[in-house]
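Next come the chains, spelled out residue by residue.
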Amino acid sequence: MKTILHLRCSPRGAAAFSSLMAEEVIARLQQHHPTARLVFRDLAADPPPLVDAAFSAAILGPPGEVPPALEVSEALIRELEAADILVIATPMHNYGVPAVLKAWVDQIVRIHRSFASTPGGKVGKLHDRPAWLVVASGGWFTGPSPTGAPAQPDFLTPYVQAVLSTIGIHDLHILTLEGVTRGADIAEAAFARARAALERALSPGVGISVN
Ligand SMILES: Cc1cc2nc3c(=O)[nH]c(=O)nc-3n(C[C@H](O)[C@H](O)[C@H](O)COP(=O)(O)O)c2cc1C
């Protein structure tokens, strides 16, 4: 049986644009995997702890031991390891990930545990799996706005790609919902584009392996 791990990051809960699109992604994945188990984690409602001094010291301790300061990290990594498919739904906040998603990243990207540091660089210790990143933003960052304003900086999608890749997850599919706060028509068009990209990615022989 497959397990889908769904991380929601918006403070706006189920009504958030990113949350709504993620529900569609999950519904389509469940068509491919009707018996899939869904594990849902709302990072905004229940944020992971921020890195503190005890955590910073503990990650440098001997591999294999899980001191109290790393218990949340260990639980979150195990939850991720157990997932066959990862779905992250997030708003863009100030060109990057919201703080709750950064807090999750700091818990799960852990030296000796989810990645190894080698002379050749960092090597991920998790097996690869499909991951979906649904990003909602008030403006445009993949290109200029419809009125010609230049694309905003995007530190979100390259960042998530880099951190997942660091731990071994490379099979990342990104769906963007841009300009969604600029009116219902723009939002609906953004959803239509994201749905089309989802269908393309799920097409047989194209992109993602959903088996
Ligand atoms: C603190 C904050 C920062 C934001 N920063 C950006 C930004 O840098 N670029 C952008 O396009 N939209 C920005 N927005 C707008 C959100 O991305 C937009 O409201 C989006 O719909 C949020 O997604 P959600 O509906 O899934 O929560 C920001 C919103 C908030 C609350």
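Residues numbered from 1 in each chain as written. Predicted model: local features only at pLDDT ≥ 70, side-chain atom pairs only at ≥ 80, totals over all residues. Heavy atoms only, no water.

A. Molecular detail of the pairing of strand S1 (residues 3-8). Counting buried positions along S1 yields six of six residues, so the element is predominantly enclosed. Along S1, one buried face is formed by Thr3, Leu5 and Leu7 and the opposite face, lined by Ile4, His6 and Arg8, is buried too. Relative to strand S2 (residues 37-42), S1 runs parallel, the two sharing six bridges. Counterpart to Leu7 in the pairing with S2 is Arg41. Following the backbone out of S1, through helix H1 (residues 17-32) and into the adjacent parallel S2, one traces a crossover that is right-handed. (Buried < 20%, exposed > 50% of the residue type's maximum accessible area, 1.4 Å probe, protein only. Helix = DSSP H or I, 4+ residues; strand = E, 2+ residues; numbered from the N terminus. Pairing = 2+ DSSP bridges. Right-handed = clockwise from strand over helix to strand, strands pointing away.)

B. Region of the structure containing the site of the ligand. Lining the immediate surroundings of the ligand are 17 residues, of which Ser10, Ser18, Asn94, Gly139 and Gln152 lie closest. Gly139 is positioned with one of its backbone polar atoms (N or O) 2.7 Å from an oxygen atom of the ligand. Interatomic distance of 2.8 Å between a side-chain N/O atom of Gln152 and a nitrogen atom of the ligand. About the coverage of the ligand: the protein hides 75% of its 630 Å² of free accessible area. When residues of the shell around the ligand are traced back to their parent elements, those giving at least two are H1 and strand S6 (131-137). Among the residues making up the shell around the ligand, the classes are represented as seven nonpolar, nine polar and one charged. (Near = heavy atom within 4 Å. Polar contact = N/O pair within 3.5 Å; in protein donor to acceptor, adjacent residues only side chain to side chain. Areas by Shrake-Rupley, 256 points an atom, 1.4 Å probe, with all protein chains shown as cover. Nonpolar A, V, L, I, M, F, W, Y, C, P; charged D, E, K, R; others polar.)

C. Representation of the sheet that holds S6. Taken together, five strands build an open sheet; the order of strands is S2-S1-S3-S6-S7 and the sheet is parallel. Unpaired on one side and paired on the other, S2 and strand S7 (172-178) mark the two borders of the sheet. Put simply, the sheet's adjacent strands are angled 15° from each other on average, direction ignored. As defined by bridge partners, S1 adjoins strand S3 (residues 85-91) across five bridges and the pair is classed as parallel. Residue pairing across strands places Ile4 opposite Ile85, the latter belonging to S3. Where helix H3 (residues 71-81) meets the sheet, it contacts S1, S2 and S3, and its direction lies at approximately 145° from that of S2. With respect to the sheet, helix H5 (residues 157-167) is in contact with S3, S6 and S7, its orientation differing from that of S6 by roughly 160°. (Axes fitted to C-alpha atoms, helices over the stretch in contact; angles between N-to-C directions. Contact = heavy atoms within 4.5 Å.)

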